[in-house]
Every structure is written in structure tokens, then in C-alpha cells.
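Residue strings, one per chain:
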Amino acid sequence: MGCGQKDDKASLASSQIASFSHQSHQPPSTPASKEVWKKGGRMFSILLAVHLALLACTLVSSGAFEKIAVHDYDVFFLLTVMMLIVIVWIIFYLIGTSRCPDAILCKDSHAGPVWLRGGLILFAIFSLVMDVFKIGYYSSFYSCLSAIKIIYPIVQAIFVVVQTYFLWISAKDCIHVHLNVTRCGLMLTLTTNLAVWMSAVTDESVHKAHSKLKKNVTEEIFRWLLKVGMRSSSAEECNCNSQICQIFKNGYFWLYPFNIEYSLFASAMVYVMWKNVGRFIDHHSHHIPRLKFRLFRRTFFVGIVLGLIILASGLGVLVLYEVQVNSSTESSKKSQALTMYYIFNIVCLGLMSLVCIGGSVIYRLDKRDMDRHKNPTRTLDVALLMGAALGQYAISYYSIVAIVASTPRDTISALNLTYALLMIAQHTFQNIFIIEGLHRQPPKEDHKRDSHQKDLYGLTFVNVNAVSLRVPYSDSTLTPSPAPGTEAIHPSDLVRSLTVPKKMNWRRKLLREISMFLLLSNIILWIMPAFGARPQFDNDTELNFYGDSMWPAIVDICLPFGIFYRMHAVASLLEVYIMS
């Protein structure tokens, strides 16, 4: 496909591109000519993504049950083919589409911020380590397995490297050539990431179900259950007796949460790129100031210290929980671990809720304007925060119903009920705080007034009343005309500039403290369920109320959304911190 080929209505797009080149790549002035949305191309790419997602979801879900004649290597074959197609398209985009003349006329400054791309690289590194462990694990008994089991992690590692590089350099692109092909390629990439995410979540859930079952039954009964009705992976039927094999097996299951988060992060960034295909941006109205990330400047360290205390305490609770619940069969130790877990979370969630309420009050006192410009990245952030919170809302409401309707009510049930209620409140207040922060204008550096304020701020003692008397008031006959190229300063603004900055600094400092505390707290609340601290499986109240099949299914479906919510909240809070 040649670089000069465009979508339908090519003459209109060509005329716009020509105007860009004559005006030093400045966008047209009228809103109607800024963006040429190709509804047909968008609809086709959406339909392609929906059909592929349904196919992948059907295979992944069917592969989780033994009685359905779909095996895990069938799922791996589909995912391998999808990843190979995406790799080919990304290479075509990098060496073909993006290098065409006038291919990228503008970039979306909001898309792909450096902290989001940095998080993507971090998760990509752990995903690569997981693929290495998978290759080592499956290579331990390659003669017993299908070849696709070894090919899949190799292709996935290549896919992670190529996609990470692609998103790092192209996340801000607003492409204007090969529009339909680019839209379909991006939607295929998004669908592939979601399919890999679904496969990882299913594989992890099946593994945890098998691990819990192994603790309660003997090896012979466990193998009999696998044959009767439970799904096992092909590797379960092979012998993994060597120590190195066990290390590879346990290692890649521990690294699954990072691969899950990588897929979701990549999906969000790819979606923003898809929204920006064919988009024209007016840089005058879309400009955002360059904000430098200064972690240890303009802060009291209170939020960082409290957040680090919560983080360290949570890691200690996680270790004790793993030892006493997942590695011990004594009911007393299990009860102590659950009590400790609930108390820690109740304290953490209570503090976070209060801090979010305080942050919202500070926003009411803040005089910064709301940012009402079109921003696909911010729109996606808000949608993901609200949508991902539904998973934890669902688990909490199911727990509340089970606890209230069950008898008897013991200490664990009371703590569980408090935990569920605080989880709902904390998600709600935190969403309000984050969304308000994302919609605030960043603090403006008033360079225009620096020359007028320099002399005033340089004085050791300043009499505000004297200054106000020396400056003429708003009478046009008395007020001298400003010099060309400068802005007239009202006397009241000049006097206010001596007192207002301190108040504004206090507000912004408090907002930064709140954001850092919430960021560190969300990190530990992501780590705990991602690495095994899941009281939803270990508390018998919900299990007895809903049954052995319904409740695990509810948790397996909803909990990944709650885990993703925490990581997305971390990224959003980092943006709020920098914008404060």
C-alpha cells in the first residue's frame, strides 16, 4: 500500500494536509476542519475487535473445563497466531506508515505520559522474566507436551519487546495515512492484549484452585479429580520432580500479576492511539505546560512517610498471611491471620477515605479553573477508574448480603462487614478525588507579573497599605497606559500577589501530600491480593452462603478488575501529584 493512499474523501484530507504544510504545520482554525473522523473505518475496526474478542473469550473459557473438548494448546495456538499478526503489523507501521510524508502532523501531548510508559516497561521486564520461566518449565519435559506450549512463551516474549518499543515511541502519534489499516491494526493489538489477559487470569485461577485442593486431599485423589471433571493443564499430567522444574513453575505463577497488568496497561495506551488516528490538534488550545517531576520539593514528607509506613506494614501482613493461611492447616492460625488482615485493611481504607474527603474539600477552595479541552486520555482514565471499581463493588455487596443473612455472627464476620463497607466508601471517595484532580488546570507560572513582583518580593519589609496608596486606582485618566507588549496590572492584583501565593502553596502542598499517601497505599492494596492475600477464598461465610461453585466464580471474575483498579489509580494519582 503506498504512502499517498488515504481513506475515502481523500481530497478533503489532502487539502487539509496541504494547508498544514503552508502554515508551518499549524492546524486549521475552524473546528469542522480540524478532524476528519472516518465513521466507516472506525466501525469496521470495532467489529473486527468484537468478533476476535468473542472468539478468544469462547476458547479461553472453554479451555477451563475438562468436559469441553477444547485444550489449553488450542488457546495457545490462537494467541500465538494473533501475536504474530500484531508483530508484523507493528513492523509495517514503524518502517512504513510512520515514515510516510505528512504521516504524523501532530502529537497528542496528553497521551502516553512518561510515568505510564515507565510503568509499562517495568511490567514488560517482569513479563519477560515470566516467559523465561515458562520456557524453562515446559522445556523440562518437552517430549510430554505439544510444541505450541514452548513456542507460545517465545512468541509472547518477542511480542512484549516489539509492542513495548512501539508504544514507547508512538504512543502520542496522530497518524494521517493508512487510516483504516492503522485502525484495524490497533484494534487487533488491543484485542490480542485482552485475550492474553483473559488467558492469564484463567490460568492463574485454575492454578490457585488446584493448589487449594491439593492441600486438602492426597495426591491420588487429586489426580482422580483431574480425570473426573477438573481442568488440568497439559503440564499437570507430566512429572515435574526436579528442583529446577519446581522453581520455574512457582516462579512464573508468581509473576502472572505483572503480565496481567502489562496487558491492561498496553490495552489502554493502544486505545488512546486508536482514538487519535486521523485527529488534528490545535496546539494553541491543547497546549499543556511542561511540568517537572520533583519528588522531594515543595513537600512536608508527611504523605511519603505515612505511605511508606502503610506499605511496610502491609508487606509484613502479607508475609504472615501467606505463612499462616496458605501454608498452615490449623484453624486458629487461619482465624488470627484473617483478623490481622481485616484490621490492617480497615485502618488503611479508613485513613484513605478521610484523606480523599480532605482532598476534595481542598479542591473546593482551590481557585484553579477546570480543564474542559477534549482529551481522550483523560476520558479513558475516568472510564477505567469507574469501570474497574465495579469489580470490587460487586465483591463487597455480595459479601455484605452473605454476612447480614448468615448466622451466627462472630468477630471475623463483623470485621468482614466493616471491611466491605469501607471498601465501597474508599473507592467512591478516591474516584471523586482523582477525577477532580485530572480535570484541574495545572498551576500556571505567572511570568508576566515577575517583573512587577520582583522589586516587591525583594523588599525585607513591605507595607501593603503604602503600596496600595502609591499605585493609582482604576481611573482611566490616572492610570498610565501599559508599555507595548505588556499587560496592565490592576493595583488590587498587585497587592493580592503579596499574600495569595502562600495560601496557594499550602493548598498545593497538601494536595501533593494526599496524592503521595494515596499512591503508596494503593500500591500495597494492589500487592496483597495480587500475591495471594485473598480472604474472599479463605473466609467461610461467603463460601457457605453462595456455595463452592458460585462464590469462587464471582471472585475470579471480579477480583482482577479490583486489582487493575489499584494499579490504574496509582498511575492517575501520580499524574494528580505532578499537576498539583
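Note that the structure is a prediction, hence the values are computed from the model and not measured.

## Section: the overall build of the protein chain
Logical step 1: Assigned secondary structure in the protein chain consists of 21 helices and two strands.
Logical step 2: In the protein chain, buried positions account for 51% of the 580 residues.
Logical step 3: Carbon and sulfur atoms form 65% of the exposed surface of the protein chain, whose accessible area is close to 28,100 Å².

## Remarks on the nonpolar core
Logical step 1: Of all hydrophobic cores here, the largest spans 135 residues; its most connected members are Phe166, Phe433 and Trp526.
Logical step 2: Here this core gets 17 residues from one element, more than from any other, and that element is helix α21 (residues 550-579).
Logical step 3: Looking at which domains feed residues into this core, each of domain 1 (38-224 + 241-285) and domain 2 (294-442 + 504-579) gives three or more.

## Some thoughts on the packing of aromatic side chains
Note on aromatic pairs: each is described by the distance of the centres and the angle between the planes.
Logical step 1: Applying the stated criterion across every chain yields a total of 23 aromatic pairs.
Logical step 2: Residues tyrosine 252 and tyrosine 256 carry aromatic rings whose centres are separated by 5.8 Å and whose planes lie at 70° to one another, so their mutual orientation is edge-to-face. When sorted by exposure, tyrosine 252 lands in the same class as tyrosine 256, which is buried.
Logical step 3: Through a chain of ring-to-ring contacts, three or more aromatic side chains come together here, namely Phe123, Phe126, Phe258, Phe265 and Trp526.
Logical step 4: When the ring centre of tryptophan 274 is taken as origin, the NZ or CZ atom of arginine 42, which lies over that ring, is 5.0 Å away.
Logical step 5: One cation-aromatic arrangement involves arginine 117 over tryptophan 168; the distance from NZ or CZ to the ring centre is 4.6 Å.

## Looking at the packing of helix α4 (residues 114-139) against helix α8 (residues 243-254)
The relative placement of two packed helices comes down to the angle between their axes together with the axis-to-axis distance.
Logical step 1: One way to put it is that α4 packs onto α8 with a least axis distance of 8 Å and a crossing angle of 145°. Crossing angle aside, the handedness with which α4 passes α8 is left-handed. Residue-level inspection shows Met130, Phe133, Lys134, Gly136, Tyr137 and Tyr138 of α4 in contact with α8, the latter providing Cys245, Ile247, Phe248, Lys249, Gly251 and Tyr252.
Logical step 2: For the contact of α4 with α8, the residue count by class is eight nonpolar, two polar and two charged.

## So, the pattern of salt bridges
Logical step 1: Tallying each qualifying case throughout the model produces two salt bridges.
Logical step 2: With its nearest N and O atoms 2.6 Å apart, the salt bridge here joins aspartate 173 to lysine 107. Taken together, the residues span a long stretch of sequence, with aspartate 173 in strand β2 (residues 173-175) and lysine 107 in strand β1 (residues 104-107) at a distance of 66 residues.
Logical step 3: On the accessibility criterion, aspartate 173 (4% relative accessible area) is buried.
Logical step 4: Take lysine 107: its relative accessible area is 39%, and that puts it in the partly exposed class.
Logical step 5: Here arginine 364 ties to glutamate 436 by a salt bridge, and the two come within 2.4 Å at their closest N and O atoms. One end of the pair, arginine 364, is in helix α12 (residues 331-365); the other, glutamate 436, is in helix α14 (residues 411-438), with 72 residues separating them in the sequence.
Logical step 6: Taking the relative accessible area as the measure of exposure, glutamate 436 reaches 12% and is therefore buried.

Parameters and conventions
- Residues numbered from 1 in each chain as written.
- Predicted model: local features only at pLDDT ≥ 70, side-chain atom pairs only at ≥ 80, totals over all residues.
- Heavy atoms only, no water.
- Helix = DSSP H or I, 4+ residues; strand = E, 2+ residues; numbered from the N terminus.
- Buried < 20%, exposed > 50% of the residue type's maximum accessible area, 1.4 Å probe, protein only.
- Areas by Shrake-Rupley, 256 points an atom, 1.4 Å probe, with all protein chains shown as cover.
- Core = buried A, V, L, I, M, F, W, Y, C linked by side-chain atoms within 4.5 Å.
- Domains from an automatic or database assignment.
- Phe/Tyr/Trp six-rings, centres within 6.5 Å; stacked < 30°, edge-to-face > 60°.
- Lys NZ or Arg CZ within 6 Å of the ring centre and 35° of its normal.
- Axes fitted to C-alpha atoms, helices over the stretch in contact; angles between N-to-C directions.
- Left-handed = near helix turned anticlockwise from the far one by under 90°.
- Contact = heavy atoms within 4.5 Å.
- Nonpolar A, V, L, I, M, F, W, Y, C, P; charged D, E, K, R; others polar.
- Salt bridge = Lys/Arg side-chain N within 4 Å of Asp/Glu carboxyl O.

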